[in-house]
Amino acid sequence: MTSGLRLRALRLRVTTSAGELGRTIRFGAGLSVLRADNTSGKSTALQAIVYALGLEGMLSPSQRVPLPHAMTDQIDVDGQPRQVEKSWIEIEVENADGRVVTVRRGVVGADRDRRLVTVTEGAAITENGSLPSSDFFVRRQGAAQNEAGFHRFLAEFMGLRLPRVSTHDGGEVPLYLETLFPYYFVEQKHGWSGVQARIPTYMGIRDVGKRSAEYVLGLDVFERTLLRQRLRSTMSELESDWQAACLKATELAANSKLVIRNPPGRISGGLGEASLIPVVAEGTAWIPITQAIETLTARLTETAGDVPSAGEAASHIEADLQFLEGALREALAVSAALAEEEREARTYISQVEARIDALREDLQRHLDSQVLESYGSAKSHDLIAEHVCPTCHQELNDGSDISRHAMSAAESITYIRRQVATFQSMRDDHERVLRAIAIRRTSLSAQVSQHRTDIRVARDTLVSASSTPSVAAISRRLSDQARVNELEERYAALMDLRTELERLARDWAVQRDRLHAAESGDLSRDDERKIEAVEATLRSQLAAYGFKSLRVEEIDIDRTTFRPTHDGFDLGFDLSASDMIRLIWAYLFSLLEVGQATGNHAGLLLFDEPRQQDTAKTSYGALLAHASRMGDKGAQIVFATSETRESLLQMLSGHHYELISLDPGEKLLLPIDNP
């Protein structure tokens, strides 16, 4: 899906005791110029667009409504001040695929919280008809990520796949829309004070200006930055697995009275030949496990014929052998039954966890629905629209509305939370059962091993010659044999862990090398071409606008911050006030031109009173001409200006544009005869 956003129409309404006031403004596809005298309300129109889209967070972290008192407090009606009883804004927008929706957000009114946004499918301002609508929330946690969050909807509507970026505290958040719209909208009061004057830093995103510029331009370096984040995350996971394997090796050794010599350190140090050596106590010395196995095996061989004949014990040995064989069969049967019980328990736990996940999803939907209802929504989301029961997740037939006493959102939330707690208790119980089974199977495994050892020894005794070992010799041999078996098993397990650690170290080294490669040379050749295009467009515009403070050929785009610089320094105090305005014009239009062609720019630019600091009329005329040409290329530019109608017509002569002009002294909000 191609990214983009086009404004089609804006409607403002204010209700007072003396009647309703408002205005509807329709925007053209290219350049639209809203002309009105100062204090007439033209800034209100542009601020209303930002507010309706829930993007006032780009201006400040405050929850205050960024609209004048005529929309929030009181307004003059026929020369008399009237209290605003209710006010709201609607904006009709279209995306790059031609889909049209109308967004409505309240400003003043007790029946709906202003964090509630209603989206109607279709052109509710420019066309008539009954259209479906949905409610969303904005300006609260989850608005950019939850299903009921308006900014998640808006980003998808605009065709934007907002990536996750790092924060100063080490976490990750989406690249919020509020960090992108300063490239699309410049407000009058503070927006013209400097380049990127309104990039919000309070959201805690690391290098937010750089990240947002990279995304708007669609630079490969942005993907490379995300790649670096993913590589670091993978390396952290590998190190976590490494530590877990090291801990398991230590536990295995401790269970068999072993000690690990030269235990592994950090994964960055790798695993040397002298690392992870299991040793066994032999008297006062510690010897390698392989040497201990060889010593015990040799002793078993040496003592095999040292005991005198035990013919009198033959009958007892036969009875013991029968008992041992029966005990072995019984242990194997119990072990097999436990294995089946363990598989069933794991399957049950998996099913319970799937149920818990589904319940949590339903819980979040109900929580979102409760938020919407608390804001005054009359159209909260239908949670059984898919005809699936939120509890058992079986398909519902047409009788899903059989109850006349459906639970409220709060009751549903309480009920689902109880269900989650119940299923969690069931899962915890079965996990305790699994742990008990594991302990039992370990014990049985030791018994089976011991039984097999005893059987082998008894059979060896019965088929041996007259020099059958004595009971003491048999006991010693059985003990030695059991220890040999135990050490061999532990040695094999530790060697498997060593192999796993070597694999983890290799994988970590590969990720480290990829990270080093990703960190070197941030800009690809395509990135460099895009930055060069921004530079060329910037310089061309500055020359056309009459920029005089510096030689335009000496102005560059920094390859790290992507801001205009001169001799490696950001442009600021070394510019005249009017040239700073020209620089902002040129910079934002350069990003528009390049970002719309090859990046993620919305193709939208709104300037509130762009002729600041008494900028020369010839410069302003060049700006209007350039804006018209960009409009012909598919961008939408909206200027709000107090320039006279005659002057605008003269400067725009020969260009495509749409002029929305208020008469001298006319206010934006006027009484509506037939609301």
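This one's a predicted model, so the numbers in the text were calculated from it and none came from an experiment. (Residues numbered from 1 in each chain as written. Predicted model: local features only at pLDDT ≥ 70, side-chain atom pairs only at ≥ 80, totals over all residues. Heavy atoms only, no water.)

A. Seen up close, the pairing of strand S20 (residues 636-641). Here S20 lies mainly inside the structure; six of its six residues are buried. A two-sided burial pattern is seen for S20, the buried positions comprising Gln 636, Val 638 and Ala 640 on one face and Ile 637, Phe 639 and Thr 641 on the other. Taken together, the five bridges between strand S3 (residues 31-35) and S20 define a ladder with parallel strand orientation. If you follow Arg 35 over to S20, its bridge partner there is Thr 641. For strand S19 (residues 604-608) and S20, the ladder comprises five bridges, and the chain directions are parallel. In the sheet register, Asp 608 faces S20, and the bridge partner there is Ala 640. Crossover handedness for the path S19 to helix H12 (residues 617-632) to S20: right-handed. (Buried < 20%, exposed > 50% of the residue type's maximum accessible area, 1.4 Å probe, protein only. Helix = DSSP H or I, 4+ residues; strand = E, 2+ residues; numbered from the N terminus. Pairing = 2+ DSSP bridges. Right-handed = clockwise from strand over helix to strand, strands pointing away.)

B. Structural view of the nonpolar core. Of all hydrophobic cores here, the largest spans 120 residues; its most connected members are Phe 150, Phe 589 and Phe 639. With 12 residues, helix H11 (residues 577-598) is the single largest residue contributor to this core. Each residue touching Phe 639, except ones within four places of it in the same chain, is listed here: Leu 31, Ser 32, Val 33, Leu 34, Phe 589, Phe 607, Pro 610, Tyr 620, Leu 623, Leu 624 and Ala 627. Judged by nonpolar contacts, the second largest core, of 30 residues, contains Leu 231, Ala 245, Ile 267 and Ile 293. (Core = buried A, V, L, I, M, F, W, Y, C linked by side-chain atoms within 4.5 Å. Contact = heavy atoms within 4.5 Å.)

C. Here's a closer look at the packing of helix H4 (residues 208-217) against helix H5 (residues 220-255). Relative to each other, H4 and H5 sit at 125°, their axes nearing to 7 Å. Considering their axes alone, H4 and H5 lie oblique with respect to each other. For the pair H4 and H5, contact is made by Arg 211, Glu 214 and Tyr 215 and by Val 221, Phe 222 and Thr 225, respectively. Among the residues making up the contact of H4 with H5, the classes are represented as three nonpolar, one polar and two charged. (Axes fitted to C-alpha atoms, helices over the stretch in contact; angles between N-to-C directions. Parallel < 35°, antiparallel > 145°, perpendicular 65-115°, else oblique. Nonpolar A, V, L, I, M, F, W, Y, C, P; charged D, E, K, R; others polar.)

D. Structural detail: the packing of aromatic side chains. In total, this model carries nine aromatic pairs according to the counting rule given. On the basis of an interplanar angle of 75° and a centroid distance of 5.0 Å, the ring pair of Phe 181 and Tyr 184 is categorised as edge-to-face. The two residues Phe 181 and Tyr 184 agree in class, both being buried. Every member of this aromatic cluster is reached through a ring pair, and the members are Phe 136, Phe 150, Phe 153 and Phe 157. Over the ring of Phe 137 we find Arg 140; its NZ or CZ atom is 5.6 Å from the centre of that ring. (Phe/Tyr/Trp six-rings, centres within 6.5 Å; stacked < 30°, edge-to-face > 60°. Lys NZ or Arg CZ within 6 Å of the ring centre and 35° of its normal.)

E. Layout of the sheet that holds strand S12 (residues 185-186). Taken in spatial order, the five strands of this open sheet run S12-S19-S20-S3-S21, and their pairing is parallel. Each having just a single partner strand, S12 and strand S21 (658-661) make up the two edges of the open sheet. Contacts between helix H1 (residues 42-52) and the sheet are confined to S3, S12, S19 and S20, with S19 contributing the most and set at about 145° to the helix.

F. Inspection of the packing of H11 against H12 at higher detail. Close contact between H11 and H12 brings their axes to 12 Å; oriented N to C, the two are set at 10°. Between H11 and H12, the angle is such that the two are roughly parallel. Facing H11, whose interface residues are Arg 582, Trp 585, Phe 589, Leu 592, Glu 593 and Gln 596, H12 presents Ser 619, Tyr 620, Leu 623, His 626, Ala 627 and Met 630. Each residue belonging to the contact of H11 with H12 can be placed in one class, and the counts come to seven nonpolar, three polar and two charged.

G. Layout of the environment of Pro 610. Note on placement: Pro 610 falls in the loop between S19 and H12. For the pair Pro 610 and Phe 639, spaced 29 residues apart in sequence, the C-alpha to C-alpha distance is 7.3 Å. Leave out the neighbours within four places in its chain, and Pro 610 touches Trp 192, Ile 581, Trp 585, Tyr 620, Leu 623, Phe 639 and Ala 640.

H. Expanded view of the sheet that holds strand S8 (residues 116-121). Read from one edge to the other, the open sheet built from seven strands follows the order S9-S8-S7-S6-S1-S2-S22, with strand pairing classed as antiparallel. What marks the edges here is a single partner per strand, and that holds for strand S9 (133-137) and strand S22 (670-671). The pairing of S8 with S9 spans five bridges and is antiparallel. Its bridge partner being in S9, Leu 116 is matched across the sheet by Phe 137. Each of strand S1 (5-16), strand S2 (19-26), strand S6 (86-95) and strand S7 (100-108) touches H1; the most contacted strand, S1, lies at about 105° to it.

I. Fine view of helix H3 (residues 150-157). Of all the eight residues making up H3, six are buried; the element is thus mostly covered by neighbouring parts of the structure. Burial in H3 covers these residues: Phe 150, His 151, Phe 153, Leu 154, Ala 155 and Phe 157. Residues of H3 that are buried sit in contact with S1, H1, S6, S7, S8 and S9. Remark: Gly 159 follows H3 within two positions and exhibits a positive phi of approximately 80°.

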